[in-house]
Amino acid sequence: MRAAVLGSPIGHSLSPCLHRAAYHAMGLDGWSYEAFECDEERLPGLLEQLRPVRGAPGAGDDAWAGLSLTMPLKRAVLPLLDTVSTLAVEVGGANTVVFRDGRAHGDNTDVHGIERALAEAGVPAPRSAAVLGGGATAASALAALRNLGLHSVTLLVRDPARAGETVGVAERLGVALEVETFDKLDLFTRADLVVSTLPGGAADAFAEQLAEVPALFDVVYAPWPTRAAAAVRAAGGIVIGGFEMLLHQAVRQVQLMTGSAGVPIEAMRAAGEAELRRRSAG
């Protein structure tokens, strides 16, 4: 069976390392996992080229089992799929495609990844939360917070006029969303939890303000810790990094693609951490 991660840029992705570690530990010697550079324009054609897929007539052991999707494809893939999970519809994005019976099914495991990462860090269900950024990961964060029992969240973005898709996600989730700009961040640092979905250390500009928060979930995983995460940790707050989210969403992807519940999370964790150390040393 074959699987792959698609996105642009894709060279930094840890998904091949995590999935291959799972296959090795599970004894799935016939499984492979690749990485393909793919933007929104190329996505429809690439999906058409994935033949055969699992369950299609004539498909053999070399069929495609599934795909992981990263930016900018999570929203763009939805109209190209045969079926989509309720959760993926709610958040407006699928990071996972599973091929079964010759059909493509879209799902979202980012929400699971966020929930499991928070639980692993010992962060209880928050009474208040603020989310920084308004992209696909922010939408998944809103769903995770909803699942944890929070129905009112503050979203902080650079330009509220560009947060329309995330506002729509909140409406589908039944979450009351207050949209503010980053210059108002000081008003929300007493929230039980701040989730930064900003890319590549962009939250570092707010490190001084964020140092006050009780718990920070920064979805960046390299370089780690970010300046914002280090500030929160130094002040005695709880810090959760993006690697934990990535790990747990990948575990769920392996479950969906292989159909096996016995996914070796510790083998995947060890492989991912070793790869991050190798990159850092390089």
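Please refer to the structure higher up on the page.
Residues numbered from 1 in each chain as written. Predicted model: local features only at pLDDT ≥ 70, side-chain atom pairs only at ≥ 80, totals over all residues. Heavy atoms only, no water.

(A) Inspection of the environment of Arg20 at higher detail. Locating Arg20 in the fold gives a position in helix H1 (residues 15-26). According to the relative accessible area criterion, Arg20 is partly exposed, its value standing at 46%. A C-alpha to C-alpha distance of 9.9 Å links Arg20 and Val254, two positions 234 residues apart in sequence. In contact with Arg20, not counting residues within four places along its chain, are Tyr33 and Glu34. (Helix = DSSP H or I, 4+ residues; strand = E, 2+ residues; numbered from the N terminus. Buried < 20%, exposed > 50% of the residue type's maximum accessible area, 1.4 Å probe, protein only. Contact = heavy atoms within 4.5 Å.)

(B) Seen up close, the sheet that holds strand E7 (residues 129-132). If you walk across this open sheet you meet the six strands as E9-E8-E7-E10-E11-E12, and the pairing is parallel. Either end of the sheet is taken by a strand with one partner, and the two such strands are strand E9 (176-181) and strand E12 (238-241). With strand direction ignored, the average angle separating the axes of adjacent strands in the sheet is 20°. As defined by bridge partners, E7 adjoins strand E10 (residues 193-196) across four bridges and the pair is classed as parallel. Bridging from a neighbouring strand, Ala129 pairs with Leu193 of E10. Strands E10, strand E11 (215-218) and E12 of the sheet are contacted by helix H4 (residues 110-120), whose axis makes an angle of about 140° with E11. The sheet strands contacting helix H5 (residues 136-147) are E7, strand E8 (152-157), E9 and E10, and the helix crosses E7 at an angle near 165°. (Pairing = 2+ DSSP bridges. Axes fitted to C-alpha atoms, helices over the stretch in contact; angles between N-to-C directions.)

(C) Broad picture of the nonpolar core. Ile114, Leu118, Val131, Leu145, Val153, Leu193 and Phe217 are the most contacted members of the largest nonpolar core, which totals 31 residues. At the level of secondary structure, the elements contributing two or more residues to this core comprise H4, E7, H5, E8, helix H6 (164-173), E10 and E11. In terms of residue count, H5 provides more of this core than any other element does, seven residues in total. Residue contacts for Val131: discarding those within four places in its chain leaves Ala138, Ala141, Leu142, Leu145, Val153, Thr154, Leu155, Leu156, Val195 and Thr197. Counting 21 residues, the second-largest nonpolar core is a separate cluster that includes Leu46, Leu50, Leu73 and Ala88. (Core = buried A, V, L, I, M, F, W, Y, C linked by side-chain atoms within 4.5 Å.)

(D) Broad picture of the side chain of Glu90. Within the secondary structure, Glu90 is located in helix H3 (residues 86-91). Among the polar contacts made by the side chain of Glu90, one reaches the side chain of Arg146 at a distance of 3.0 Å. Once you skip the residues sitting within four places of it in the chain, Glu90 turns out to touch Arg146, Val169, Arg172 and Leu173. (Polar contact = N/O pair within 3.5 Å; in protein donor to acceptor, adjacent residues only side chain to side chain.)

(E) Helix H10 (residues 265-281), seen in detail. The terminal C-alpha atoms of H10 lie 24 Å apart, and with 17 residues this matches the ideal 24 Å at 1.5 Å per residue to within 8%. Buried-residue contacts for H10 involve H1, H4 and helix H9 (242-258). (Expected span 1.5 Å × (residues − 1).)

(F) Local environment of the sheet that holds strand E3 (residues 64-69). Spatial ordering of the open sheet is given by E2-E1-E3-E5-E6-E4, a layout of six strands whose pairing is mixed. Two strands lie at the open edges of the sheet, namely strand E2 (32-37) and strand E4 (83-84), each paired on one side alone. As judged from the six bridges shared by strand E1 (residues 2-7) and E2, these two strands associate in the parallel manner. Bridge pairing in E2 links Ala3 to Tyr33. The strands touched by H1 are E1, E2 and E3; relative to E2, the strand with the most contacts, the crossing angle is about 170°.

(G) Region of interest: unusual backbone geometry. The omega torsion across Ser8 and Pro9 is 0°, close enough to zero to call that bond cis. When you line up the elements, Pro9 lands in the loop between E1 and H1. Going from Arg51 to Pro52, the amide bond is cis rather than trans, its omega being -5°. Residue placement: Pro52 occurs in the loop between helix H2 (43-49) and E3. The phi dihedral of Asp101 is positive, around 55°, even though this residue is not glycine. Its place among the elements puts Asp101 in the loop between strand E5 (96-100) and strand E6 (103-107). Note on Asp101: relative accessible area 66%, which makes it exposed.

(H) Expanded view of the packing of H5 against H6. Across the interface, H5 lies against H6 with an axial gap of 9 Å and an inter-helix angle of 20°. Accordingly, the angle class assigned to the pair H5 and H6 is roughly parallel. For H5 against H6, the interelement crossing comes out right-handed. Packed against H5, whose contacting residues are Ala139, Leu142, Ala143 and Arg146, the element H6 presents Thr166, Val169, Ala170 and Leu173 at the interface. (Parallel < 35°, antiparallel > 145°, perpendicular 65-115°, else oblique. Left-handed = near helix turned anticlockwise from the far one by under 90°.)

Remember that the coordinates give geometry; whether it matters functionally is a separate question.
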